[in-house]
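Here is what each chain is made of, one letter per residue.
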Amino acid sequence: MELTTGKPSLLRNIMARALLFGVFVIVIRFAYVVTITGESCNLGDFCFFSLPQNLNFVISGAGAGVSAISVNDAVPRSNPLYTSKEWIESVQFYSSIFQDLISEGYLSPHSKTLCVETPLGQEVFALKEIGVEDSIGIFKKASKPLVIKGEGHQLPFDDNTFDFIFSGGSRLQISSRPSDFASEIARTLRPEGFAVVHIKANDTYSFNSFLDLFNSFKLVKMLGIDGFDSSVPYIREIVLKKEIEIVDHGDRNIPRDGSTSKCSVPGHKRELVLKAEPLVVEEPLKPWITLKKNIQNVKYLPSMVDISFKNRYVYVDVGARSYGSSIGSWFRKQYPKQNKTFHVYAIEADKAFHEQYESKKKTVTLLPYAAWVRSETLSFEINRDPGQEEVNELKDKGRGMGRIQPVKSSQGELTSEVDKIQGFDFAEWLKNTVTERDFVVMKMDVEGTEFDLIPRLFETGAICLIDEIFLECHYNRWQRCCPGQRSTKYEKNYGQCLELFNTLRENGVLVHQWW
């Protein structure tokens, strides 16, 4: 008689099924964590207990088969944000970024970490997921528990608080106050801590402007990476280390004490000169037509590079005349500003134009003096000659051109009125008004005084503070009224003007011929 084996067989089947079920759970768990953490995990515990205890995983039943994550006891599991494909892809992207930074020694699980200007907190979530527990984000609108209320240009933390600060999504680049943004990172990061910033800039001008914002940091690493969505297809990742002392990134080092010291225009500005439109080499027979047409060929600096990483945006109109002469008619309407707000300085000694600037005080600062090489009282002459019709009478009401070097009347051709005015040292004013971190555009139309002012800008080093110049050079041009006759107002000839333009460009200054 054979013994029955039903019970042992049943027991073995149950144990085998339990074992298979356990293996299945582990495999699913492993595959899920690897996927969420960016195809990497902590092999020491088989990716099973590698995440913070305050996180758990849920599987979305939304048909797409996409896994999702939620924060335990803090964010409702029903919140669709944490089950969306966009959220998961973002977390995966930042998890991979932070794991690479950990492997390279810039970040550690023990780092006290801040994510600046993170609207929803994907970066913070990714940090906590890979074990960097002491992490928090700030944004103008809180999204608790990951993000508290705060703004990049005014962080609500004490000095030297964090070991690691991250700014993603090109948020520093789109900030309206990038200099304050960078200063707050420098203030709240401890010495020898690391800051990692993602930017979209891919030209040397904007990259160097970015580095100028972080003059207490050393550039450690720069890496180009692909973004995770179409809004930011390419990212430049910059790793910076905070130093105790100010770091020289190749600044112009403009002296501020009134001393005379030439500066060297940096290479990233010199590159732009090579891309500029060619100068009009041959003297035009009808300069009032040729030079005016040439302005259409101008390659404006903001059309070539990104100007986002500047502290302020400044336009200086030297010899502004009326508001509509160039500020209102050209700069406001035609100059490409990349949606930046420029503060305008109008330098005009002719008192006939001063009153109309009264209504523009909020946007234009009038300096009712003459730009000169020193501060002193000057004779300011308003002259008229047969070429006066070259002046736009609709804009300036037929007012003669003013200059601080009077000319003598010759056979009744010239008539003038002379006033006593105050001249000021324009180069020193510029050095005290703007810095290397500002974006400065200058238009100069000073009736021949450019041959004094430009050398003074070089002599003092103030020339390096200017990013782009529109210069009208005055010479004994052919007169519109009288064919075959030259103006007797100016001693310089066209060749000397061309030499002035070439000198500026050869020294790395982006200058354009104004009309």
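How each quantity is defined
- Residue positions within a chain follow its written sequence, with the count starting from 1.
- Only residues with pLDDT of 70 or above have their local features reported here, since the model is predicted, and side-chain atom pairs are shown and tallied only from 80 upward, although totals for entire chains, interfaces and linings are computed over all residues.
- Side-chain measures here rest on the full set of heavy atoms in the structure, leaving out hydrogens and waters.
- Throughout, exposure labels follow a simple rule: accessible area from a 1.4 Å probe, protein chains only, divided by the maximum for the residue type, with under 20% read as buried, over 50% as exposed, and the rest as partly exposed.
- Only DSSP runs of H or I with at least four residues qualify as helices, and only runs of E with at least two residues qualify as strands; both kinds are numbered from the N terminus onward.
- Strands are labelled as partners when DSSP assigns at least two bridges between them.
- Every crossover in which the path from the first strand over the helix to the second runs clockwise, viewed with the strands pointing away from the viewer, is termed right-handed.
- The disulfide criterion used throughout: a pair of cysteine sulfur atoms within 2.5 Å.
- Think of a 1 Å grid over the protein atoms and nothing else: a 1.4 Å probe that fits but is trapped marks a cavity, an open set flanked by protein within 12 Å on at least five of seven lines marks a pocket, and residues with an atom within 4 Å of a point count as lining.
- Grid points are joined across faces, edges and corners, and a volume is the space filled by probe spheres set on the points.
- Each residue is assigned to one class: nonpolar for Ala, Val, Leu, Ile, Met, Phe, Trp, Tyr, Cys and Pro, charged for Asp, Glu, Lys and Arg, and polar for all the others, Gly among them.
- What counts as an axis is a line fitted to C-alpha atoms, over the stretch in contact for a helix, and the angles between N-to-C directions run from 0 to 180 degrees.
- Residue contacts are counted whenever heavy atoms from the two residues lie within 4.5 Å of one another.

J.: Describe in detail the pairing of strand β17 (residues 439–444), supporting the description with residues and values.
T.: With six of six residues buried, β17 lies mostly within the body of the structure. Side chains F439, V441 and K443 of β17 all project onto a buried face; the interleaved residues V440, M442 and M444 project onto the opposite face, where all are buried too. Pairing analysis gives four bridges linking β17 to strand β18 (residues 468–471), with the strands arranged parallel. Across the sheet, residue M444 finds its bridge partner in β18, namely L471. Crossover β17 to β18 through helix α11 (residues 450–460) is right-handed.

J.: Describe the state of the cysteines, and please don't skip the residues or the numbers.
T.: One pass over the structure, following the stated rule, counts two disulfides. Linked covalently through their sulfurs, C263 and C464 form a disulfide whose S-S length is 1.8 Å. Every disulfide takes its handedness from the sign of the S-S torsion; for C263 and C464 that torsion is 95°, giving right-handed. Taken together, the residues span a long stretch of sequence, with C263 in the loop between β9 (232–242) and α6 (267–275) and C464 in the loop between α11 and β18 at a distance of 201 residues. Taken individually, C263 and C464 each receive the classification buried, so the pair is uniform in this respect.

J.: Any chance you could break down empty space enclosed by the protein for me, citing the residues and the numbers?
T.: Inspection of every chain in the model, using the stated rule, returns three cavities of 30 Å³ or more. As a volume, the second largest cavity reaches approximately 70 Å³. Of the residues in the lining of the second largest cavity, the class split is nine nonpolar, one polar and two charged.

J.: Tell me about the sheet that holds strand β11 (residues 343–347), and please be specific about residues and values.
T.: The strands making up a sheet associate through backbone hydrogen bonding, with each pair oriented either parallel or antiparallel. Spatially, six strands are ordered β12-β11-β10-β17-β18-β19 in an open sheet, and the strand pairing comes out parallel. The sheet is open, and its two borders are formed by β12 (364–367) and β19 (511–513), each paired with just one other strand. Mean inter-strand twist for the sheet, computed between neighbouring axes without regard to direction, equals 15°.

J.: Residues and numbers for the pairing of strand β4 (residues 135–139), please.
T.: The element β4 is largely enclosed, with a buried count of five among its five residues. Burial of β4 is two-sided: the residues S135, G137 and F139 facing one way and the residues I136 and I138 facing the other way are all buried. The handedness of the strand β3 (residues 113–116) to β4 crossover, carried by helix α3 (residues 122–129), is right-handed. Sheet topology note: the β4/strand β5 (residues 147–149) ladder contains three bridges and is parallel. Looking across to β5, one finds that I138 is bridged to I148.

J.: Report on the sheet that holds β5, specifying residues and quantitative values.
T.: Reading across the sheet, the seven strands line up as β5-β4-β3-β6-β7-β9-β8 and stay open at both edges, with mixed pairing between neighbours. Lying at the two open borders of the sheet, with one neighbouring strand each, are β5 and β8 (217–229). Recorded for the sheet is a direction-independent mean angle of 25° between the axes of neighbouring strands. Bridge analysis of β3 against β4 gives four bridges, and the strand direction is parallel. Considered in β4, the bridge of L114 is made with I136. Along the sheet face, helix α2 (residues 85–103) touches β6 (162–167), β7 (189–199), β8 and β9 and points at about 150° away from the line of β8. Lying on the sheet, α3 is in contact with β3, β4 and β6; it crosses β4 at an angle near 180°.

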